[in-house]
Amino acid sequence: MPTYIALTYTADVDWSSPEQADEMAEYREFGAAARAVIRGGSALYPTATATTVRVSGGKGGDVLATDGPYAETKEALTGFYLLECADLDEAVATVAKMPAAWNGAVEVRPVIPL
Amino acid sequence: MLTGDAASQQGPAADAARPHGPAADAAAQVIRAERSRILATLIRVTGNVDLAEDATQDAVVRALQTWPRDGIPDNPRGWLLVVAQRRAVDVIRREARRAGKEAEALALLDPAPDSPEAVRDDLLRLVFTCCHPALSLDTQVALALRTLGGLATAEVARALVVPEATMTKRLTRAKLKIKRAGIPYRIPPAEELPGRLAGVAATVYLIFNEGYAAGTGDDLIRVGLADEGLRLARLLVDLMPDEPTALGLLALVLLQDSRRLARVDDDGRPLLLAEQDRLLWDRAAITSGVALVGQALSRTPDNPDRYVVQAAIAACHALAPSYDRTPWDAVISWYDVLLTVHDTPVVRLNRAAAVAERDGPAAGLALVGAIGGLAGYPWFHATRGELLYRLGRADEAATAYRAALALDLNGPQAARLRDRLADC
């Protein structure tokens, strides 16, 4: 069965803050309901904690670490799930039940099996 | 009607390598008709659009080489399916051997059931796969023309007015996405059908129009496309007998197609509605089309469907005993309804043409003048030209006809407009 990653893009939030408790509860509810297809995933700390790393001058070159996310956008990458679904329709149906789907958007992509 | 009888596009050329003569033509026609069914079945069996296309193409080429010489086999579909399947098995074996998965790969190739039910379902699966919402609408249409319509990539590119290289990339990307993202090859469950139907209906109508708008009647591919559109519209009604969109689409396609024989003169020039010999219209198609409009309307009391309304307009024309006795009041009212659900400049143009017939060219011209966004649409200029001509403003009419001729028209349509220009 193909594996998909579902990347949740929403307003940049701090999931560890008490204000997010309600939404976290919704995610836990979703997690319980979709247990059959969820293979992994996590919520992410806000983009303020992100560090973007580049190596300049090719492999083995200088490591350049800068503050902030790779792309600065209004809606940020706030979490991800790994899903194992029969096909894209099942993945879409699953993702449509994530709070991020109505609080933002969810990008679904097939994962290359390694 | 003053505007074109259907959306117009230039036609793809016939298969250059095809042998000629009546036997070859008959063979080619059967092959065209069966091609998409074979492809649909092979996609189900192999789960791979590219492989299925290659194998189907291989079988088609073999048939085109042998049938004109040996005659069409008793069971053409079976013949094509066997050849295509053999070809697919060869490819799968070769690749499986490389990966050491031969047994697993061959298990994929069960002998395909060939019942009418299975063929119907395979085709519908193909329709819904091509029209999957995870593909862009442009891609849906292109993929459907390629796989369901059997057009070559160059022909799809020409039909959709896109450079061939762009179209090749778009189709390759689409097939990769189907495979990699796991777009399923299936008819969606009942609760998803209504949401998926809009894209499917748009695509089927476009396939029909691609064939129908050719008009010249001597190009097998295009006639085949119109037939394909009609067949797909029937399939949708089989699948969703209560959906107004499906009923309206079939009604519209039947009513437009009922005029097929009357649409061109002996020289292959398109004839306007006013000039067509109504005795050549297909009465049986009109009767079923009108009945379907009634059925569809009874299912849409408060929220009209655009195909049903367009079919109702077509029915007004189909039922009029002569052009002069067209019920213009009814036609215009239906256009008003259509504008509430599908307000486009082309619909406004067609409504203005109907108003010109009822209230005179000055009234029509005033409405045409108020429509924006159609400078690149030849029928906008042609309609203006006609109305100006009727008002005796020959110089302005000539300018409008020249503007139309500067745009994309197929040969016979351009010839018609040049005749009008000569009268100015």
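Residues numbered from 1 in each chain as written. Chains lettered and ligands numbered in written order. Predicted model: local features only at pLDDT ≥ 70, side-chain atom pairs only at ≥ 80, totals over all residues. Heavy atoms only, no water.

Participant: Whenever I open this one, the overall build of chain B confuses me. Can you help?
Facilitator: Assigned secondary structure in chain B consists of 19 helices and zero strands. Out of the 424 residues belonging to chain B, those deemed buried represent 52%. By sequence separation, contacts in chain B at least 24 residues apart represent 66% of the contacts at least 6 residues apart. Within the structure as shown, chain B displays about 18,600 Å² of accessible surface, and the carbon and sulfur contribution to it stands at 53%. (Helix = DSSP H or I, 4+ residues; strand = E, 2+ residues; numbered from the N terminus. Buried < 20%, exposed > 50% of the residue type's maximum accessible area, 1.4 Å probe, protein only. Contact = heavy atoms within 4.5 Å. Areas by Shrake-Rupley, 256 points an atom, 1.4 Å probe, with all protein chains shown as cover.)

Participant: What should I look at first to understand the nonpolar core in this one?
Facilitator: Soluble globular proteins tend to bury their nonpolar side chains together. Counting 119 residues, the largest nonpolar core has Leu83(A), Met98(A), Leu148(B), Leu236(B) and Leu249(B) as the members making the most contacts within it. The biggest single contributor to this core is helix H13 (residues 306-319) of chain B, with ten residues. In contact with Leu83(A), other than residues within four places in its own chain, are Pro2(A), Thr3(A), Tyr4(A), Ala6(A), Val37(A), Ile38(A), Arg39(A), Thr94(A), Val95(A) and Met98(A). Counting 21 residues, the second-largest nonpolar core is a separate cluster that includes Ala356(B), Leu374(B), Leu387(B) and Ala414(B). (Core = buried A, V, L, I, M, F, W, Y, C linked by side-chain atoms within 4.5 Å.)

Participant: What is the right way to look at the side chain of Lys175(B) in this model?
Facilitator: With respect to the secondary-structure elements, Lys175(B) resides in helix H8 (residues 164-180). Lys175(B) has contacts with Val49(B), Asp50(B), Glu53(B) and Leu143(B), leaving out every residue within four places of it along the chain.

Participant: Mind showing me how you'd approach the interface of chain A and chain B here?
Facilitator: Interfaces are often sized by the accessible area lost when the parts come together. Of the residues lining the interface, five residues belong to chain A; the matching set on chain B comes to ten residues. In this assembly, chain A packs against chain B so that about 560 Å² is buried in total across both faces, 55% of it on carbon and sulfur atoms. In this structure, the connection of chain A to chain B is made through one salt bridge. We note a salt bridge from Asp89(A) to Arg186(B), for which the minimum N-O separation is 2.6 Å. Counting across the interface, chain A meets chain B through four residue pairs in polar contact (both at pLDDT 80 or more). (Buried area = accessible area lost by both parts, 1.4 Å probe. Salt bridge = Lys/Arg side-chain N within 4 Å of Asp/Glu carboxyl O. Polar contact = N/O pair within 3.5 Å; in protein donor to acceptor, adjacent residues only side chain to side chain.)

Participant: For this particular structure, what's the right way to read the sheet that holds strand S1 (residues 3-11) of chain A?
Facilitator: Two modes of strand pairing occur in sheets, parallel and antiparallel, and in both the strands are linked by backbone hydrogen bonds. Residue and element names in this part refer to chain A. Within the open sheet, the four strands sit side by side as S2-S5-S1-S6. Their pairing is antiparallel. Pairing within the sheet leaves two strands with one partner each, and these edge strands are strand S2 (38-43) and strand S6 (104-110). Mean inter-strand twist for the sheet, computed between neighbouring axes without regard to direction, equals 20°. As judged from the five bridges shared by S2 and strand S5 (residues 75-84), these two strands associate in the antiparallel manner. Bridged to Gly40 within S5 is Leu82. Each of S1, S2 and S5 is contacted by helix H1 (residues 21-33), which is oriented at about 170° to S2, the strand it contacts most. Lying over the sheet, helix H2 (residues 88-95) contacts S1, S5 and S6, oriented at roughly 155° with respect to S6. (Pairing = 2+ DSSP bridges. Axes fitted to C-alpha atoms, helices over the stretch in contact; angles between N-to-C directions.)

Participant: What am I meant to see in the packing of aromatic side chains here?
Facilitator: The geometry of an aromatic ring pair is captured by two quantities: the separation of the ring centres and the angle between the planes. Counted under the stated rule, the structure contains seven aromatic pairs over all chains. Plain terms: the ring middles of Trp15(A) and Tyr27(A) are 5.4 Å apart, the flat faces sit at 85° to each other, and that makes the pair edge-to-face. Placement of Trp15(A) in the loop between S1 and H1 and of Tyr27(A) in helix H1 is noted, with a sequence separation of twelve residues between them. Summarising the burial analysis for this pair, Trp15(A) and Tyr27(A) share the class buried. Their ring planes at 75° and their centres at 5.2 Å tell us that Trp67(B) and Trp79(B) sit as a pair that is edge-to-face. (Phe/Tyr/Trp six-rings, centres within 6.5 Å; stacked < 30°, edge-to-face > 60°.)

Participant: Explain the UniProt feature "domain: RNA polymerase sigma factor 70 region 4 type" (unreviewed entry) in chain B to me, please; I cannot follow it from the model alone.
Facilitator: As annotated by UniProt and renumbered to match this structure, "domain: RNA polymerase sigma factor 70 region 4 type" (unreviewed entry) occupies residues 128-178 of chain B. A helix fraction of 71% and a strand fraction of 0% characterise residues 128-178 of chain B, whose end C-alpha atoms lie 12 Å from each other. (UniProt positions renumbered as here; feature names shortened; annotations may be inferred.)

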